[in-house]
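Coordinates in review
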Amino acid sequence: MAKELSGIVWVDRFPTSNETSSLVPDFRDSCDDFIGALEDAGADVKINATLRPPERAYLMHWSFVLNNGEVEPDDVPPHDGVDIEWVHRKASGAPDVAASRAAAAAMVHGYGIVHRPSLTSLHIFGKAIDMTIGWDGTLQIKPKNKPKKSINSDPRSGLNHELWGVGATYGVLKLPSDPPHWSSTGH
Ligand SMILES: [Zn+2]
């Protein structure tokens, strides 16, 4: 089968899940319990991402690297199940590096990539979750196997350090440098 040229058409393929059901069983249970405790306490929780398929991680990583000029289009390695052609060509058949980088740039923009995409993110292994959390006033939340705790501190979001402690009791650990990101290890 002929490969399909890189470009924006790839962005909608291999979508990232926003369901906890796509996580590995242990971490899925941890997330369901933590999110349940948050919702019981009246917090708003919106899940933005859970499992990122490895095919998507590959496309994000290499479009970013190519757009940055760190590799030549024909040096991008292949990936099983992703029939993408990174090398665009001129009418003469010669590689068109500018067009190849422009197609990669369109993908980077389409994915909304801000940080360098990892090939080893715990999202690829179903052990990470991105979520937006918020509440008003005091959050009365139950840590796992402990009495309810009152959180009065700011910010009233997933960046609250007291909430990180509550998440940890469920096995959902905060990565401080990445605002929406929690995982099984804190990475
Ligand atoms: Zn994340």
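Above this text sits the structure in question.
Here we summarise the structure given alongside this text. Remember, it's a predicted structure, so these values are computed and weren't measured experimentally.

Reading the values: rules and limits
- Residues numbered from 1 in each chain as written.
- Predicted model: local features only at pLDDT ≥ 70, side-chain atom pairs only at ≥ 80, totals over all residues.
- Heavy atoms only, no water.
- Helix = DSSP H or I, 4+ residues; strand = E, 2+ residues; numbered from the N terminus.
- Expected span 1.5 Å × (residues − 1).
- Buried < 20%, exposed > 50% of the residue type's maximum accessible area, 1.4 Å probe, protein only.
- Contact = heavy atoms within 4.5 Å.

Turning next to unusual backbone geometry. With an omega of -10 degrees, the peptide bond between Asp154 and Pro155 qualifies as cis. Tracing the backbone shows Pro155 in the loop between strand E6 (149-151) and helix H4 (161-170). With a phi close to 50 degrees, Phe14 is a non-glycine residue in the positive phi region. Inspection of the secondary structure puts Phe14 in the loop between strand E1 (4-5) and helix H1 (25-40). Located in the positive-phi region is Asn145, a residue other than glycine, with phi close to 60 degrees. Its location among the elements puts Asn145 in the loop between strand E5 (139-141) and E6.

For helix H2 (residues 54-67), with 14 residues, the first-to-last C-alpha span of 20 Å sits near the 20 Å given by 1.5 Å per residue. Taking burial as the measure, the 14 residues of H2 include 11 buried ones, the bulk of the element. When H2 is considered as a whole, its buried residues turn out to be Arg56, Ala57, Tyr58, Leu59, Met60, His61, Trp62, Ser63, Phe64, Val65 and Leu66. Those residues of H2 that are buried are in contact with strand E3 (84-85) and helix H3 (97-111). After H2 finishes, the residue Gly69 shows a positive phi value of roughly 80 degrees.

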